[in-house]
Amino acid sequence: LREANTMIRIISALFLSFTTVCALAQDAKPLQLATDAPDRHTVVKGDTLWGISGKFLQEPYRWPELWRMNKDQVKNPHRIYPGQVLVLDRSGANPQLRLETLKLEPKVYSEDLSQAIPSIPQHIIEPFLSRPQVVGEDGLSNSPKIVATQEDRVYLGPGGRAYVSGMKEKAKLWQVYRPTTPVVDPETQETIGYEAFYLGTAKLAAEGEPASIDIVTALQEIGVGDRLLPATRAEIISYVPRAPSKQIQGQIAAIYGGVKEAGRSSIITLNRGRQDGIEVGHVLALYRNSVEQVRREGEFRNRREAGEIIRVKLPPEKYGHVFVFRVFDRISYALVMNVSRPVVVADLVQTP
């Protein structure tokens, strides 16, 4: 029995060593350039780091390796501006991307950081950057509240007028939110946060109690009971796209808008956050959550006769990537970057 136990320990150690070597080998696999990777790229307005990464790499999240960045540079990358030229150096054992050295005096960009290109499309995620989306259960209870609408309309769109109680701040532009709803972890069924649903923007038309506002933009119809927060300018997201340095696994807890399925450029809520090691800029792979298929076997004369029930659990299938752009303690927001099938709640995310 002792010899058997010793043999089991040896086999287990060998298996662990083999898996470790395989994991390290996978981490150290060479960079794969895109099939039509250019030798140079001139940055233009509208470019994003992710988009440029995809021009040069088959796996855009490996951008830091192409730039030969260290950990400090990944955390605080230099900004890239329209007009700069990126050059792909293929002369060494591994390709490297660098900025072309100009003989002319370089333009001073530090005075206007807003011109730097973002990591991902800024217009899609801006409402999610300027104000917290994950709040306490009563996080909006003290915020100004729409108490009436013009001509007693049930809902308003752009151009509609509403009347707001409790508007003490003198801000001219406001963001409109629907009261909070719980975010449930699909893995544990536990409430892991409360999410304020962004509806649109409004401008102050007249001060008072109630104050008058005019709806400027509306992603969904706005009505009585919705809350307001002063609008603030969103900071540009300049974090480089990168894979987490450790293994992270989680699930999609919700899709923005409460829909069942989503596609590219959709915003999703993950059941992992800061306490799990998630950081802004992390790229995670999407996997279809494995489903269990049931089939019957055996000989029977008609459909009512039961055969042998066999359960088959299918392996998860990778079908895309997401980019994390906002992180809270237990929840994070991510933008769907590329997918080959619809994204659904409870699908898996993990380190690529």
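This structure is a prediction, so every number in the text was calculated from the model and none was measured.

S.K.: Which parts of the structure should I look at to understand the sheet that holds strand β1 (residues 40–42)?
M.R.: The strands making up a sheet are joined through hydrogen bonds of the backbone, oriented either antiparallel or parallel. Overall, antiparallel pairing links the three strands, which are arranged β1-β2-β3 in an open sheet. Looking at which strands have only one partner, the edges of the open sheet turn out to be β1 and β3 (96–99). Geometrically, the sheet is characterised by an average inter-axis angle of 20° between neighbouring strands, direction not taken into account. Taken together, the four bridges between strand β2 (residues 85–89) and β3 define a ladder with antiparallel strand orientation. Residue pairing in the sheet places Leu 88 in a bridge with Leu 97 of β3.

S.K.: Before we go on, may I ask you to explain helix α2 (residues 49–56) in this structure?
M.R.: In an α-helix there are 3.6 residues to a turn, and that puts residues three or four apart on one side. If you check which residues of α2 are buried, you get Leu 49, Trp 50, Ile 52, Ser 53 and Phe 56. In an axial view of α2, the angular spread of the buried residues amounts to 165°, which keeps them on one side of the axis.

S.K.: Explain empty space enclosed by the protein to me, please; I cannot follow it from the model alone.
M.R.: Which parts of space are left empty comes out when a probe the size of a water molecule is rolled across the atoms. For the coordinates displayed, the defined rule picks out two cavities of 30 Å³ or more. Quantified by volume, the largest cavity comes out at close to 60 Å³. Taken together, Leu 49, Trp 63, Trp 67, Met 69, Pro 77, His 78, Arg 79, Ile 80, Ile 117, Ser 238 and Val 240 make up the full set of residues lining the largest cavity. The residue inventory of the lining of the largest cavity, partitioned by class, reads eight nonpolar, two polar and one charged. Its volume calculated, the second largest cavity comes out at about 40 Å³. Lining the second largest cavity are Met 167, Lys 168, Glu 169, Lys 170, Leu 204, Glu 207, Gly 208 and Ala 211. Here the residues of the lining of the second largest cavity are counted per class, giving three nonpolar, one polar and four charged.

S.K.: Is there a simple way to think about the sheet that holds strand β15 (residues 267–270) in this case?
M.R.: Pairing within the closed barrel is antiparallel, and its six strands lie in the order β13-β15-β20-β19-β16-β22. Neighbouring strand axes in the sheet, compared pairwise and without regard to direction, differ in orientation by 45° on average. Relative to β15, strand β13 (residues 249–255) runs antiparallel, the two being bridged by three bridges. When the sheet's bridge partners are listed, Ile 252 is paired in β15 with Leu 270.

S.K.: Teacher, can you tell me more about the pattern of salt bridges here?
M.R.: Charged atoms that come close allow side chains of opposite charge to pair. A complete count under the given rule lists 14 salt bridges for this structure. Two residues, Glu 151 and Arg 153, come together in a salt bridge whose shortest N-O distance is 3.7 Å. Put simply, Arg 242 and Glu 279 hold a salt bridge, and the shortest N to O gap is 2.9 Å. Here Arg 242 is found in the loop between β12 (227–230) and β13, whereas its partner Glu 279 is found in the loop between β15 and β16 (283–288), with 37 residues between them in sequence. Salt bridges linked by common partners bring Glu 59, Arg 62 and Glu 65 together as one network.

S.K.: For this particular structure, what's the right way to read the side chain of Thr 269?
M.R.: Note on placement: Thr 269 falls in strand β15. Under the relative-accessibility criterion, Thr 269 is labelled buried at 2%. Here the side chain of Thr 269 touches Glu 195 through a polar contact of 3.1 Å, side chain to side chain. Discounting chain neighbours no more than four positions away, the residues touching Thr 269 are Val 183, Glu 195, Gln 251, Ile 252, Ala 253, Ala 254, Ile 331, Ser 332 and Tyr 333.

S.K.: Can you help me understand the confidence of the model for the protein in this one?
M.R.: In low-pLDDT segments, the atomic positions of the prediction should not be examined closely. Averaged over every residue, the pLDDT of the protein is 81; residues scoring 70 or more account for 78%. This model gives residues 1–27 a pLDDT under 50, and the stretch forms one contact once residues within four places in sequence are excluded.

Cut-offs and rules
- Residues numbered from 1 in each chain as written.
- Predicted model: local features only at pLDDT ≥ 70, side-chain atom pairs only at ≥ 80, totals over all residues.
- Heavy atoms only, no water.
- Pairing = 2+ DSSP bridges.
- Helix = DSSP H or I, 4+ residues; strand = E, 2+ residues; numbered from the N terminus.
- Axes fitted to C-alpha atoms, helices over the stretch in contact; angles between N-to-C directions.
- Buried < 20%, exposed > 50% of the residue type's maximum accessible area, 1.4 Å probe, protein only.
- Arc of directions from axis to C-beta.
- 1 Å grid on protein atoms, 1.4 Å probe; cavity = no way out; pocket = protein on both sides within 12 Å on 5 of 7 lines; lining within 4 Å.
- Points joined across faces, edges and corners; volume = space filled by probe spheres on them.
- Nonpolar A, V, L, I, M, F, W, Y, C, P; charged D, E, K, R; others polar.
- Salt bridge = Lys/Arg side-chain N within 4 Å of Asp/Glu carboxyl O.
- Polar contact = N/O pair within 3.5 Å; in protein donor to acceptor, adjacent residues only side chain to side chain.
- Contact = heavy atoms within 4.5 Å.
- pLDDT = per-residue confidence, 0-100.

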